[in-house]
Amino acid sequence: MTYLSVQGLRKEFGAFKAIDDVSLSLGRGRVCALVGPSGCGKTTTLRSIAGLETPDTGRIELDGRILFDGQAGIVVPPEERNLGMVFQSYALWPHKTIGENVALGLRIKGMGRADIRERVGSVLTLVGMGGMEERYPASLSGGQQQRVALARALALRPKCILFDEPLSNLDVLLRERMRFEIRDLLVKLDITAVYVTHDQTEAMVIADHMIVLNAGRIEQEGAPADIYARPRNRFTAEFLGRTNLLALDHATSDLATGSLRSRSGVALQTSDRDPRRSGDLLIAFRPESVRVDEAPGPNSFATRVISAQFLGSQTQLTLDLDGEQIIALLPGKQLRAPEESLRISVAPQDVLVLEE
Amino acid sequence: MTVQELPGRKLSGAGLLRSGMRIDLLPGIVAIVAAAILAPIGFLVYGALTTTAIGQPFAGLTLRNFAIVMSEPAYLTALLNTLYVGFASTILATLIGALLAWIIVRTDTPGRASLRVGVMIPFFLSPFIGALAWTLLLQRDLGPLNLLFGAIGLPQVDPYSVKMIVFVMAIYYAPYVFIFVSSALLNIDPALEEAGHMSGLNRRQVLLRVTMPLIAPAILSGMLLTFVATAGQFGVPALLGTKPRFFVLTTYMYQLLNRFPSQYNLAATLGLVMLAIACFGVWLQSRLTRGRSYVTVGGKGFRPRILQLGSLRWLAFSYVGAFILLGSVLPMAMLLWVSLVPYYDATFSLSRLSLEHYRELMSGRLILPSLRNTIFLAVAASTIAVLLAVALNWMLLRTKSVWRKPLEFVLIIPAAIPHVVLGVGMLWTYIYAPVPIYGTIWILLIGYVTGFITQAVRNVQSSFLQIDRSLEEAVTMVGGSRLRVIREVTAPLLRPGLVGAWILLFIIYVRELSTSIFLYSPGNEVMSVLMFNMWGEGNWGGISALAMVQMVLVGAVVYLASAVFKVDLGKA
Ligand SMILES: Nc1ncnc2c1ncn2[C@@H]1O[C@H](COP(=O)(O)OP(=O)(O)O)[C@@H](O)[C@H]1O
Ligand SMILES: [Mg+2]
């Protein structure tokens, strides 16, 4: 049952198409991540749902209520949409205390004083900021401000919360911790959310559903793990992490049986057998699926080491495979000397065929 | 619940919905502002193209006025004098002001915080008061400085000379350049200069190859605006240039209007010439600095690298001290003394002190009304200008109205138009206008607001720009209406900036002379007009007392601004 439905959203700034036919549908209590590189239209999509931006066409519906319908000319103003929003810059009001920041929405709603105090206290406790009511935003760290911004959005118990890269201003360690905290909170409170981020690992932790945007259009969508395992094309594969890509040679490959050959002459076997794909195709496998394997067999190749770096938990090898450079990520410390020859293999189920 | 019952609004044109306020109010405000700015220009053009006097029926267009202005040497001389005074005082003011800024921002000269305040004082005093004071300091055979020169065997200096016009303007406009350059210096990332050192440049090379190019746009901006201001100055050349019959365009226009019969058409023609010069300056300024502003004025500000001057710091200190002495201490002390003795005769004995001039002022027929007029106009005009500026900025920054471009265009004019020219144009406009404000105090009010609306818009804009839009949107997202957004976030965050803008305008209005001198009518004098007229009568004691009153008024407001409202006017 669709709770939040967005259909055919388009928005142009002048002649520039910021978003072009974006749709999404989300069940109650589900979290959808909008991911994509900077400038691909994530914020514009989110602000259109919020009502801060008026799309040119399309339709937005939440819990059976039309928020926007370009055709029928319906635009519900943002303050009446019953949505929460967590801004990238936190947007905490600097002249109000933390308590006042969280309470404003409740005051606007006309809630009683005692109820407000109680709700503010409980929601601040929920985000781990209990007892900080009297402090001002400037006296808080970035992570604390982020929690308050979340509390402010939660206080009104909105139907859906919109997040715009909420963790992008935090340092790496804090960002990794906050990811899980937000995830746990969303699950615990059964909140429906749209979560914008340019960080695919964040999306994989937080979201049930992921939409990859590219230049205002949807490139691919689905469960995060599925998209990671089966990116459809070069853009998605590269956006989700480093990938070894070899140009596929159509003449000598047979997509139906899964025996592939790259233009550089590398022969690979894949279990990804879908003959319907056309156009320029690529053979792809992730660096972490490369195994060091002395015994010759299917998908086993002799390579030459170009360079090796120890990264802490992994070792990264740059290898020459019949004239093409590929990357391998091996667990632990497995340094090799340059020019050393190395036999590697890739399991057929780890080899994918992608569209260019 | 069915869909149809739910609240929703119809789209009325692309994006035109999301601001209830501008649909009714803003176009009206914009129309009024545009009319107030454009009508005087229209009448100026009309006046320059006709030869019929004000109020006479239309009798055809002619270029005769332009022919007269171009062929008669007196006009050409006035034009050349204007350019000369403008250039000379701009260059001098730039040299003085830029060096002051560098010393105060970038060196370890002792007492920099207090020096910075001292350097700004001439700005609050106004060039007109400065010229008055310098006339007294250099009075023939009596002025204390001339006595000093005599004592050490130097010839006396005549205050009524072109040199003194340039000198006084340079000193009183140097703080403008100082503001521009010091904020640019404060906004240079020190890493840029450090990178210069790391690339092997020595101190002098870093100054010349890194620092100077970085602040060049700010210096250029300051110079062009100073040129526009000095070329349009009225008080100083009127005071110091009339006696040697050295006329610039502003004073010549004043002469034309006070002749019998008044030469309004020729004055309007000269006004257009001035407007053209000023527009060229402002255009050049925006042209030259476009895309070349390497330092964000009003940015977050860096901790500047301080140069250790060693023993040279006392030389730097003396330089700044000398500026403060010449610009503030001597003039203020002189005015104070002259206001406190029955008549000035170059004897300095405390036994001569008396409050005679102040008593005279209090009992005088004009002073109290003029004080009341000044305060009323300054309060009313700054309030209106700031409120208008908020509304106009709201439109410029928070709406997608199609009127934004035309509005921005119209707002260039008040920044360029010399106030003397605006005064002449308004005179004409409101003789014809169907509203009975000609000859009342209201025409002054309109003139004040119109003449400085662009400055108000810019000052308020810088505070507006500091409010992150998402702070306002966050109110919307917790259910706040547009009014609620303004009440909860925009207004409280704007308030300190508005107080600063208001106070700056108040100070400007209290000292205003150039517009007032053309728009006042008997009974509506403001203090500076009264001083100007008393100067004609040679009542130096009265002028000095009045100048002291004005200084106290400005000083009180400046004090209030910094002590109570914590406004840093040097940054406004
Ligand atoms: N108000 C606007 N006016 C003009 N262009 C805009 C505006 N807002 C966004 N854009 C443009 O639309 C594109 C998408 O912007 P945005 O949605 O903010 O991207 P993202 O959040 O994915 O980085 C960008 O190229 C941006 O420059
Ligand atoms: Mg964004």
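In this text the structure is predicted, and so the values were computed from the model without any measurement.

Attention shifts here to the overall build of chain A. If you tally the helices and strands in chain A, you get eight helices and 21 strands. Scored against the burial criterion, the 356 residues of chain A give a buried share of 53%. When contacts within chain A are restricted to residue pairs at least 6 apart in sequence, those whose partners lie at least 24 apart make up 63%. Computed over 42 positive and 45 negative side-chain charges, the separation of the two mean positions in chain A equals 5 Å.

Moving on to the site of ligand 1. All names here are of chain A. Lining the immediate environment of ligand 1, one finds F13, F16, A18, P37, S38, G39, C40, G41, K42, T43 and T44. Taking G39, its main chain carries an N or O atom lying 2.6 Å from an oxygen atom of ligand 1. Between ligand 1 and G41, the relevant distance is 3.1 Å, taken from an oxygen atom to a main-chain nitrogen or oxygen of the residue. Taken by itself ligand 1 offers 560 Å² of open surface, and the protein chains cover 60% of this. Per-element accounting of the shell around ligand 1 gives the leading share, three residues, to helix α1 (residues 42-50). Residues belonging to the shell around ligand 1 are distributed by class as follows: five nonpolar, five polar and one charged.

It is worth spelling out the pattern of salt bridges at this point. Evaluation of the coordinates by the stated rule reveals 26 salt bridges over all chains. E61 of chain A is the partner of R59 of chain A in a salt bridge, and the nearest nitrogen-oxygen pair spans 2.7 Å. Under the relative-accessibility criterion, R59 of chain A is labelled partly exposed at 25%. A salt bridge links R106 of chain B to E193 of chain B; the nearest nitrogen and oxygen atoms lie 2.6 Å apart.

All names here are of chain B. Closest axis-to-axis distance for the helix α2 (residues 26-48)/helix α16 (residues 367-398) pair is 10 Å, and the angle between their directions is 115°. Considering only the axes of α2 and α16, their crossing is left-handed. Taking contact as the criterion, the partners of L26, I29, V30 and V33 in α2 are, on α16, L388, A391, L392, W394 and M395.

This part takes up the sheet that holds strand β19 (residues 324-331) of chain A. Residue and element names in this part refer to chain A. Across the sheet, five strands lie side by side as β16-β20-β17-β18-β19; this open sheet has antiparallel pairing. Each edge of the open sheet is held by one strand with a lone partner, namely β16 (290-292) and β19. In this sheet, adjacent strand axes meet at a mean angle of 50° when their direction is disregarded. Bridging between strand β18 (residues 314-321) and β19 involves eight bridges; their strand directions are antiparallel. Along β19, the bridge assignment pairs L321 with E324.

What counts and how
- Residues numbered from 1 in each chain as written.
- Chains lettered and ligands numbered in written order.
- Predicted model: local features only at pLDDT ≥ 70, side-chain atom pairs only at ≥ 80, totals over all residues.
- Heavy atoms only, no water.
- Helix = DSSP H or I, 4+ residues; strand = E, 2+ residues; numbered from the N terminus.
- Buried < 20%, exposed > 50% of the residue type's maximum accessible area, 1.4 Å probe, protein only.
- Contact = heavy atoms within 4.5 Å.
- Lys, Arg positive; Asp, Glu negative; His and termini not counted.
- Charge placed at Lys NZ, Arg CZ, Asp CG, Glu CD.
- Near = heavy atom within 4 Å.
- Polar contact = N/O pair within 3.5 Å; in protein donor to acceptor, adjacent residues only side chain to side chain.
- Areas by Shrake-Rupley, 256 points an atom, 1.4 Å probe, with all protein chains shown as cover.
- Nonpolar A, V, L, I, M, F, W, Y, C, P; charged D, E, K, R; others polar.
- Salt bridge = Lys/Arg side-chain N within 4 Å of Asp/Glu carboxyl O.
- Axes fitted to C-alpha atoms, helices over the stretch in contact; angles between N-to-C directions.
- Left-handed = near helix turned anticlockwise from the far one by under 90°.
- Pairing = 2+ DSSP bridges.

Coordinates in, geometry out; function isn't part of it.
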